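Here is how the chains run, residue by residue.
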Number of protein chains: 2
Amino acid sequence: MSTTRPPETSSGPPGTGPPAPPRRRRVSMADVARLAGVSSQTVSRVSTGHPGVVPATREQVLTAMRQLGYRPNGAARALKYGEFRTIGVVLFTLATTGNSRTLEAIATCAAEAGYVITLIPVTTPTQDRVNGAFTRLGELAVDAVIVIMEVHLLDTATVVLPPDVHVVIVDSDAGERYCVVDTDQAHGARQAVHHLLDLGHRTVWHVAGPPESFAAERRALAWHGALREAGRPVPPLRRGDWSAEAGYRAGLELAEEPECTAVFVANDQMALGVLRAFHQRGRVVPRDVSVVGFDDIAEAGSFIPPLTTVHQDFAEVGRRCVEAALRQVRTGSTGTGTTLVPTRLVLRDSTAPPRRQR
Amino acid sequence: MSTTRPPETSSGPPGTGPPAPPRRRRVSMADVARLAGVSSQTVSRVSTGHPGVVPATREQVLTAMRQLGYRPNGAARALKYGEFRTIGVVLFTLATTGNSRTLEAIATCAAEAGYVITLIPVTTPTQDRVNGAFTRLGELAVDAVIVIMEVHLLDTATVVLPPDVHVVIVDSDAGERYCVVDTDQAHGARQAVHHLLDLGHRTVWHVAGPPESFAAERRALAWHGALREAGRPVPPLRRGDWSAEAGYRAGLELAEEPECTAVFVANDQMALGVLRAFHQRGRVVPRDVSVVGFDDIAEAGSFIPPLTTVHQDFAEVGRRCVEAALRQVRTGSTGTGTTLVPTRLVLRDSTAPPRRQR
DNA sequence: GGCACCGATGTTTACGTAAACATTGCCGGT
DNA sequence: ACCGGCAATGTTTACGTAAACATCGGTGCC
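The rules we used
Residues numbered from 1 in each chain as written. Chains lettered and ligands numbered in written order. Predicted model: local features only at pLDDT ≥ 70, side-chain atom pairs only at ≥ 80, totals over all residues. Heavy atoms only, no water. Contact = heavy atoms within 4.5 Å. Buried area = accessible area lost by both parts, 1.4 Å probe. Salt bridge = Lys/Arg side-chain N within 4 Å of Asp/Glu carboxyl O. Polar contact = N/O pair within 3.5 Å; in protein donor to acceptor, adjacent residues only side chain to side chain. Helix = DSSP H or I, 4+ residues; strand = E, 2+ residues; numbered from the N terminus. Nonpolar A, V, L, I, M, F, W, Y, C, P; charged D, E, K, R; others polar. Expected span 1.5 Å × (residues − 1). Buried < 20%, exposed > 50% of the residue type's maximum accessible area, 1.4 Å probe, protein only. Pairing = 2+ DSSP bridges. Axes fitted to C-alpha atoms, helices over the stretch in contact; angles between N-to-C directions. Least-squares fit on C-alpha atoms with pLDDT ≥ 70 in both. Near = heavy atom within 4 Å.

K.L.:
Any details on the interface of chain B and chain A? Residues and values, ideally.
P.N.:
Accessible area lost on assembly of the parts is the figure often given for the size of an interface. With 52 residues of chain B in contact, the opposing surface of chain A contributes 52 residues. Both sides of the chain B and chain A interface together cover about 4,400 Å² of buried area, and 61% of this is carbon and sulfur. Put simply, chain B and chain A have 0 salt bridges between them. The tally of links between chain B and chain A comes to 7 residue pairs in polar contact (both at pLDDT 80 or more). Of all the secondary-structure elements, those providing two or more residues to the side of chain B that touches chain A are helix 4 (74-81), helix 5 (97-112), strand 2 (116-121), helix 6 (127-139), helix 9 (244-255) and helix 10 (268-280) of chain B. Here the residues of the side of chain B that touches chain A sort into 27 nonpolar, 15 polar and 10 charged.

Have a look at this one:
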């Protein structure tokens, strides 16, 4: 152990290099042990809180630790233990409320379990990039991976997850192959449609999300199904990219449809755009048209008018993701199956019975 | 804890356990080396892309890697290299647009530099929790730390950062002690005030953020300063907690002030609430009152009316954070000083000259 | 033809930690 | 008084990787 360069740590000759500038190499257990006059194993025992160290010795070690500013080396621990106490999260974007709130919940829950989150952003959802993310995740120090993405890229066979990495997926239908946690999109959409029908509307129009999004498809499908089951006509579908601007464009079109008295918009941000379009065209919400959103973002209650919307419990989704991931880690199993988190309809002021027509 | 268990890997007597089902312990270089019939050092050379491996050998090793599904062990590498290629991010919440967008930018930039992000959420901003986060960060496998927080907890002396951890702070005035990157709050606020004054408004009212927020204070201070410099009266300040609901409450109060023709709101979400309050009270924006926000969130263009606001370049803030952090890591220095990212006023439809009064 | 050199590969070692095992010293029972 | 046993601490080793050094053929040069 000669590489360790001459100590020179303590007893810095007060005339050489005053502040000892280039200081590298973190203090290790060996350093603490030397200062405390014990073996490094005893330092380890103190560090990990193991019993069997007499108080006097423990105090001595703790003092040395403080003096040297010792902090355990995570890499060495991970190597020794064979686990990293880390969960990787792959996501395409944090720009959507849902993703960032889910991530926050995941991080919080993981922290409670003593795990931390490692983020792998995949900016362009092309196959190779996804593969890249996973290749790196494989090399990365993670015990499990949670994938938050709105497209079903994972369902194509070309994406290969490292076989011994535990995976939990949010927003997908790969429940047969992977462990999936998601909001109950279908139920939420049905709540929205039924609410509008119950108010007396003849049918419900829909502004859907982009077709690549599994959630968007699920909501659109459920909307369609609910109308069919109720024996109502199914108006033509509009699509947007989740943005308020897209909602605005769809809203301008809908404003031209005299038949349109009720709209279910696939997320709150597009609903904001729809509201603006109706406002601009003089279609008063909810007097002339009712609007229901999806997500219940924090601002929804401050739209004009406050938006009736389907509340997603992102915190719960995050919690279940972490639970599922840690269960897989602990049992060493590869779970499959889908966990659905229920939604809740939040009634505000953007819905009302239709005006008597004609 | 049976991670060790006897090798039994190679030379498996072809009759014992056919598929060797419970397989634990990831494949290591030694496994690959054995299968490829080379030394583990050669495997290492292939794995790290070092030259000096003849193509035939390299191919042999690669084949063995694929066959065994080898993936390098990040912990071992980190231990060997003494660095983790990881940046820790401490934050209080992801619920604000600014935080999540900054985080996304940080993650993206870090990824481009071959670094990943480890998240440490601190849910309650009490002293001990912050200390806890840093204690854990100290043990954690991070080369640097970026702190995103809206309160100036770090300025109190009781919070001690591990001395050898490189730190970059967003949203703080600790530039003398730490490296700080932030939006130029003061300039942004001045842009908003001057825009309104230039339109002809006699003065500008302000709805500020919570006093714990450094950004909120900076914006309020600049608003105050700009008015004083212009010789205008300074109306009483309203405060909110950044939420649209708080903005709504402040807006209801402002709607009662007949003098109030121009409002600068400290963020877009509160501005949304202000708009709703004015709408509800029949004060038409921008005919009766002009409103300017701050942040330029994605939805701002879809408010009713579309919101004139101060654009923050979160992506740039994130980029500079990563740059500063990596610079510190590379040079081994502890940087100080503040980097300000400029803002830009985005003109939309919520501002107009005042109606001729009286 | 011998030797110096170089390129390809193997061997040793260290990174920091903690489990497993070894060693001490003390106490209590017979 | 002796010894078993236990509590406190020390020593060895392994985790997976890669730098540093060692080895071994072959090749070119004189």
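K.L.:
So what's going on with helix 5 of chain B? Which residues, and what values?
P.N.:
Residue and element names in this part refer to chain B. Helix length check: helix 5, at 16 residues, gives a terminal C-alpha distance of 23 Å against a target of 22 Å (1.5 Å per residue), a fit within 8%. For helix 5, the buried fraction is high: 13 of the 16 residues fall into the buried class. Note on helix 5: the residue one or two positions beyond its end, Gly-114, has a positive phi of about 80°.

K.L.:
I'd like a rundown of the sheet that holds strand 12 (residues 344-346) of chain A, residues and numbers included.
P.N.:
The strands making up a sheet associate through hydrogen bonds between their backbones, and the pairing can be parallel or antiparallel. All names here are of chain A. Strand order in the open sheet formed by 6 strands is 7-6-8-9-10-12, and the pairing between neighbours is mixed. Every other strand in the sheet has two partners, leaving strand 7 (238-239) and strand 12 as the edge strands with one partner each. Here 3 bridges tie strand 6 (residues 205-208) to strand 8 (residues 262-265), and the two strands are oriented parallel to one another. Of the residues in strand 8, the one forming a bridge with Val-207 is Val-265. Most of the contacts of helix 7 (residues 185-198) go to strand 9 (residues 290-295), to which it runs at about 165°, and overall it touches strand 8, strand 9, strand 10 (308-311) and strand 12. Most of the contacts of helix 8 (residues 214-229) go to strand 6, to which it runs at about 170°, and overall it touches strand 6, strand 7, strand 8 and strand 9.

K.L.:
Hey, could you go over the relation of the copies chain B and chain A for me, with residue numbers and the actual values?
P.N.:
Least-squares fitting of chain B to chain A yields an RMSD of 0.1 Å, with the transformation described by 0.1 Å of translation along the axis and a rotation of 180°. Here the transformation between the copies is reduced to the relation of a two-fold axis. Of the interface residues in chain B, 98% have counterparts in chain A that sit at the interface too, so the contact is made through matching surfaces.

K.L.:
Go over the side chain of A:His206, please, and point to the residues and values.
P.N.:
Residues and elements named next belong to chain A. For His-206, the position within the fold is in strand 6. In terms of polar contacts, His-206 uses its side chain to reach the backbone carbonyl oxygen of Phe-264, at 2.7 Å. With residues up to four places along the chain from it excluded, the contact list for His-206 reads Arg-219, Ala-220, Trp-223, Leu-237, Arg-238, Phe-264 and Ala-266.

K.L.:
If you had to explain the protein's contact with DNA strand D to someone new, which residues and values would you point to?
P.N.:
Lining the immediate surroundings of DNA strand D are 25 residues, of which A:Thr42, A:Thr57, B:Met29, B:Tyr70 and B:Arg77 lie closest. Within 4 Å of the protein, the contacting atoms of DNA strand D are 59% sugar and phosphate, with bases supplying the remainder. Here B:Ser44 contributes a side-chain N or O atom positioned 3.2 Å from a phosphate oxygen of DNA strand D. In this structure, a phosphate oxygen belonging to DNA strand D sits 3.5 Å away from a side-chain N or O atom of B:Tyr81. For the surface near DNA strand D, the elements supplying multiple residues, two or more each, are helix 2 (40-48) and helix 4 (74-81) of chain A together with helix 2 (40-48) and helix 4 of chain B. The greatest single-element share of the surface near DNA strand D, amounting to 4 residues, is contributed by helix 4 of chain B.

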